[in-house]
Amino acid sequence: MPITIEHLTHTYGEDTTLAVKALDDITLTIPDGQFVGIIGHTGSGKSTLVQHLNGLLKGSSGHIIFDGQDIYAKDYSLKELRRKVGLVFQYPEHQLFEIDVFSDVCFGPKNLGLSEAEIKERATAALEAVSMPKELYNQSPFDLSGGQKRRAAIAGVLAMNPKVLILDEPTAGLDPQGRQEILDLIKKLQTESKMTILLVSHSMEDVAEYVDRILVMNHGRVAFDGTPKEVFAHYKELEEMGLACPQVTYVMHDLKERGLPVDVSATTVEEAKQSILHALSLA
Amino acid sequence: MSIVRTENLVHEYERRDEEGNIEGVTTAVDHVSLDVKEGSFIAILGHNGSGKSTLAKHINAILSPKEGTVWVDGLDTAKEENLWEVRQRAGMVFQNPDNQIIGQVVEEDVGFGPENMGVPTKEIWERVEESLRAVGMYEYRKYSPNKLSGGQKQRVSIAGVLAMHPKVIVFDEPTAMLDPGGRKEVIRAARGLNQVEGVTIILITHYMEEIVHADQVFVMDHGKIAMQGTPREIFSQMERLKDLRLDVPQVTLLAYELQQAGVPLPDGILTRKELVDALISPRIDSLP
């Protein structure tokens, strides 16, 4: 179910003196099963963009084609779209509300009008997908740790069986291991469940490590679009946009400048290590 | 001279069931004794739920000790008559800038604290100006806070605390919601306050690379202090940090991996410059 965005523009406060173009003529296609990272400084339009993809926001002009159908067509069911495109907001654990974890995850499927058995089946599958320990199913969601709460909230979205999963800064505020657990989980959803993943993130290191493709948003436009290597090659421009490269990329540039013939396109620790070892053996 | 001192500090949360009966007690801070020297830059690490925020909230008397004692600049925080004085001397900056800014205009927001303290109007304006200059936000004094970026808002929050002339500022994950540029701005502002104004800084964070310049690091686990030392001492114990759900800066990890592969690098490399200098040194260049 590929997503194609055509000339999408979103203006906040249209027809007022305060009109701001949050999205400015965006055109791109996201094929099935891709893991896309979206980066950009605060206010660059990242969250506005992803909220269009499940119809929470409607573009001022332009089109979004999901699975061959224009979601702005008159008879298109946005309800159906929202089942297929799951959106995990920032700090999703603030939306947990049920008396126990299991009921909370059941809430979405229950609203779909499924049978009792199917609701339970889906909730169990979703909780297993996020590796929630069984003994926590009947706990109050408020007794869980930060990372567990976040996984419970993600399970709530997964229980809707989405084809596309959008996550807005899912690791904010988590400790390093909690961050890695969430990212490993997302990667698994892509590789095993074949979901298309859109990850909005402020961590360049995480994005470099996990995604297939990076979209860089700046002033409501797509400034760069490519593999992590291609995008982080523009490290000077990224800094001007309030972004950065993974730390190791800077190390590689420094080393090259100082005369060690390393590969400056390395964006992960593993790539950097291999390239440095290779360069040292040549010296 | 110690600015913050705790002795056998204990804090417990009561867990209650639906009827409000006490089910059990969680010890969030468990007999913690620490001593922070005036003018130093301290970092506190620890996984989610390790007790670091609970500890921090004792420093400006948002929480009062269940057992043990906390002194801020010599004042016992448990004594009610010290409360306002403690909160003026120990300021706090939180994670979400949007929850800390109340003014319609930047300079009004920064003046809010000193105004509440009864500072004379003329002096309020002096304090507002010097605080905004210290965090590099003076040009934005007439702006509406909602027109600012996350990093700028967070710097306004810092200026608001600074205008109360605190001796110590506790930063509780001040960069968790910011983009890389904003993170850099906030950390730079915190280091500037420490070095130029001599304000003691206590920084709580999950970003390991933010604390490589700290004077001392405390690592919390299960409400206790599990490790303490300089960043170099702490980050050279990678396995132990992993057990505590933590990590090392990416540069430190790369240096460690290279070391494992046989490159003779010194232990505990923390910054990009240290790693590059070490790799470029002639000793390594002449490897077989």
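Quick caveat, the model's predicted, so the values are computed rather than measured. Residues take numbers from 1 onward in each chain, read along the sequence in its written order. Chain A is the first chain written and ligand 1 is the first ligand written, with later ones labelled in order. Since the coordinates come from a predicted model, pLDDT governs what is reported: local features require at least 70, and pairs of side-chain atoms require 80 or more to be given and counted, while whole-chain, interface and lining totals use all residues.

With respect to the sheet that holds strand β3 (residues 35-39) of chain A
Residues and elements named next belong to chain A. Following DSSP output, two strands are said to pair if at least two bridges run between them. The secondary structure listing takes helices from DSSP runs of H or I that are at least 4 residues long and strands from runs of E that are at least 2 residues long, numbered from the N terminus. The sheet built from six strands is open, its strands ordered β6-β7-β8-β3-β9-β10 with mixed pairing. This sheet does not close on itself; its edge strands, each paired only once, are β6 (85-88) and β10 (221-226). Between one strand axis and the next, the sheet turns through 15° on average, direction left out of account. Sheet topology places β6 next to strand β7 (residues 164-168); four bridges connect them, and they run parallel. Looking at the pairing, Val88 lines up with Leu167 of β7. In this analysis an axis means a line fitted to C-alpha atoms, helices contributing only their contacting stretch, and an angle means the value between N-to-C directions, from 0 to 180 degrees.

Thoughts on the interface of chain A and chain B
If you look at the interface, chain A gives 35 residues, while chain B gives 36 residues. Looking at the side of chain A that touches chain B, the elements that each hand over two or more residues are α5 (146-158), α6 (176-191), α7 (204-210), α10 (247-257) and α11 (269-282) of chain A. All amino acids are sorted into three groups, where Ala, Val, Leu, Ile, Met, Phe, Trp, Tyr, Cys and Pro are nonpolar, Asp, Glu, Lys and Arg are charged, and the leftover types, Gly among them, are polar. Looking at side-chain class alone, the side of chain A that touches chain B contains 18 nonpolar, twelve polar and five charged residues. Contact criterion: two residues are in contact if their C-beta atoms, reconstructed from the backbone, are within 7 Å.

Looking at the environment of Val157(A)
All names here are of chain A. For Val157, the location among the structural elements is in helix α5. Along the backbone, Val157 and Ala123 are 34 residues apart, and their C-alpha atoms lie at a distance of 9.9 Å. In contact with Val157, not counting residues within four places along its chain, are Gly86, Val88, Pro162 and Leu165.

Structural notes on the nonpolar core
Under the definition applied here, buried Ala, Val, Leu, Ile, Met, Phe, Trp, Tyr and Cys residues are grouped into a nonpolar core through C-beta atoms within 7 Å. Around each residue's C-beta, the other C-beta atoms within 10 Å are counted; 20 or more make the residue buried, 12 or fewer make it exposed, and counts in between make it partly exposed. All C-beta atoms are placed from the backbone. Ala159(B), Ile201(B), Ile202(B) and Leu254(B) are the most contacted members of the largest nonpolar core, which totals 93 residues. The greatest single-element share of this core, amounting to six residues, is contributed by helix α9 (residues 250-260) of chain B. Apart from the residues within four sequence positions on either side, Leu254(B) is in contact with Val248(A), Val251(A), Val269(A), Ala272(A), Lys273(A) and Leu275(B). Membership of the second largest hydrophobic core comes to 68 residues, among which are Ala22(A), Ile64(A), Leu127(A) and Leu158(A).

Describing the sheet that holds strand β4 (residues 61-66) of chain A
Residues and elements named next belong to chain A. One open sheet holds the four strands; their spatial order is β2-β1-β4-β5, and the pairing between them is antiparallel. Of all the strands in the sheet, just β2 (20-30) and β5 (69-70) have a single pairing partner and so form its edges. Sheet topology note: the strand β1 (residues 3-12)/β2 ladder contains seven bridges and is antiparallel. Its bridge partner being in β2, Thr4 is matched across the sheet by Thr29.

As for the pairing of strand β8 (residues 200-204) of chain B
Residue and element names in this part refer to chain B. Summarising burial for β8: five of the five residues are buried, a large majority. Relative to β8, strand β3 (residues 41-46) runs parallel, the two being bridged by four bridges. For Ile44, the partnering residue across the bridge sits in β8 and is Ile204. Across five bridges, the pairing between strand β7 (residues 168-172) and β8 is parallel.

Considerations on α9(B)
Among the eleven residues that make up α9(B), eight are buried, leaving the element largely enclosed by the rest of the structure. Taken together, the buried positions of α9(B) are occupied by Gln250(B), Val251(B), Thr252(B), Leu253(B), Leu254(B), Ala255(B), Tyr256(B) and Leu258(B). The secondary structure elements touched by the buried residues of α9(B) are α7, α10 and α11 of chain A together with α7 (231-235), α8 (238-243) and α10 (272-280) of chain B.

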